[in-house]
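# Coordinates in review
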Amino acid sequence: MTTTPDYRARSAARLAAVQALYQLEMRGETVPRLLTEFHQHRLGQEIEGAEYLAADEPFFDDVVSGVARRQAELDELIGAALAEGWTLNRLDRPMRALLRAAAYELVARADVPAASVINEYVDVAHAFHPEKEARFVNGLLDTLARRVRG
């Protein structure tokens, strides 16, 4: 029997994954330790008066672990989709985390439609960046989706 994914829990997992990947780059923690911290202290918790939605933990784990495992490949794909003269290191850390998570889903999660990946990460972009950057995410992910999913 196949179960339909809880889309709100997946959305929460994506936002948390971007936060975790940012933290991974900032602190250089191990992935298992980071996953444990998020499971115990963030996903579905209330932090400083803000309540975090319950996240699809297996999906969150897959995105964070998958990005960590395949980061060089994902960075190469993202770099190839950037405008000439731009490099991944020129982007801020939250944007790199977001693009890596989205690229991972496009490459490794064929069960998630490309349009869903793009729309979800454009929404995540709005949490961290102004509209101009959200449009950038939309365009870059559209390019990546056409390249990796044909």
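First, a word on scope: everything that follows refers to the structure included in this document. Worth saying up front: this structure is predicted, and the values here are computed from it rather than measured.

### Examining the overall build of the chain
- Along the backbone of the chain there are six helices and two strands.
- In sequence order, the chain lays out its α and β elements as α-α-β-β-α-α-α-α.
- Scaling as 2.2 N^0.38, a compact globule of 150 residues should have a C-alpha radius of gyration of about 15 Å, and the chain matches this with 15 Å.
- Once the C-alpha set of the chain is aligned to its principal axes, its extents read approximately 40 × 40 × 30 Å.
- Residues classed as buried in the chain amount to 43% of the 150 residues present.
- Sequence-distant contacts in the chain: of pairs separated by 6 or more residues, those separated by 24 or more amount to 69%.
- Of the roughly 8200 Å² of accessible surface on the chain, 49% is carried by carbon and sulfur atoms.
- Between the averaged position of the 18 positive side-chain charges in the chain and that of its 23 negative side-chain charges there is a distance of 5 Å.

### Describing the nonpolar core
- Core analysis: the biggest nonpolar cluster contains 48 residues, and Phe-60, Val-64, Leu-99, Tyr-121 and Leu-141 have the highest contact counts within it.
- Among the secondary structure elements, those contributing two or more residues to this core are α1 (7-27), α2 (31-41), α3 (57-81), α4 (93-108), α5 (114-128) and α6 (131-149).
- Residue contributions to this core peak at nine residues, all from α4.
- Leaving out residues up to four positions away in the same chain, Tyr-121 has contacts with Arg-14, Val-18, Val-63, Leu-98, Ala-101, Ala-102, Glu-105, Val-137 and Leu-141.

### Regarding the packing of α3 against α6
- Closest axis-to-axis distance for the α3/α6 pair is 9 Å, and the angle between their directions is 115°. By crossing handedness, the relation of α3 to α6 is classed as right-handed. Facing Leu-77, Ile-78, Ala-80 and Ala-81 of α3, the residues of α6 in contact are Leu-140, Thr-143, Leu-144, Arg-147 and Val-148.

### Here we look at α6
- Spanning 19 residues, α6 covers 26 Å between terminal C-alpha atoms, matching the ideal 27 Å at 1.5 Å per step.
- Within α6, burial applies to Ala-134, Val-137, Leu-140, Leu-141, Thr-143, Leu-144 and Ala-145.
- Those residues of α6 that are buried are in contact with α3, α4 and α5.
- Gly-150 sits one or two residues past α6 and shows a positive phi near 70°.

### Quick word on the packing of aromatic side chains
- Taken as a whole and judged by the stated rule, the model has one aromatic pair.
- The ring centre of Trp-86 lies 3.6 Å from the NZ or CZ of Arg-90, which sits over that ring.

### A look at the environment of Asp-142
- As for its position among the elements, Asp-142 is in helix α6.
- C-alpha separation for the pair Asp-142 and Val-117, spaced 25 residues apart in sequence, amounts to 9.6 Å.

### A look at α1
- Given a rise of 1.5 Å per residue, 21 residues ought to cover 30 Å, and the 30 Å separating the end C-alpha atoms of α1 matches this to within 8%.
- In the segment just after α1, Gly-28 is the residue with positive phi, at about 65°.

### Quick word on the side chain of Asp-56
- Among the secondary structure elements, Asp-56 is positioned in the loop between β2 (50-51) and α3.
- Contact partners of Asp-56, with chain neighbours within four places excluded, come to Ala-9, Arg-10 and Ala-13.

Basis of the calculations
- Residues numbered from 1 in each chain as written.
- Predicted model: local features only at pLDDT ≥ 70, side-chain atom pairs only at ≥ 80, totals over all residues.
- Heavy atoms only, no water.
- Helix = DSSP H or I, 4+ residues; strand = E, 2+ residues; numbered from the N terminus.
- Rg over C-alpha atoms; globule rule 2.2 N^0.38 Å.
- Buried < 20%, exposed > 50% of the residue type's maximum accessible area, 1.4 Å probe, protein only.
- Contact = heavy atoms within 4.5 Å.
- Areas by Shrake-Rupley, 256 points an atom, 1.4 Å probe, with all protein chains shown as cover.
- Lys, Arg positive; Asp, Glu negative; His and termini not counted.
- Charge placed at Lys NZ, Arg CZ, Asp CG, Glu CD.
- Core = buried A, V, L, I, M, F, W, Y, C linked by side-chain atoms within 4.5 Å.
- Axes fitted to C-alpha atoms, helices over the stretch in contact; angles between N-to-C directions.
- Left-handed = near helix turned anticlockwise from the far one by under 90°.
- Expected span 1.5 Å × (residues − 1).
- Phe/Tyr/Trp six-rings, centres within 6.5 Å; stacked < 30°, edge-to-face > 60°.
- Lys NZ or Arg CZ within 6 Å of the ring centre and 35° of its normal.

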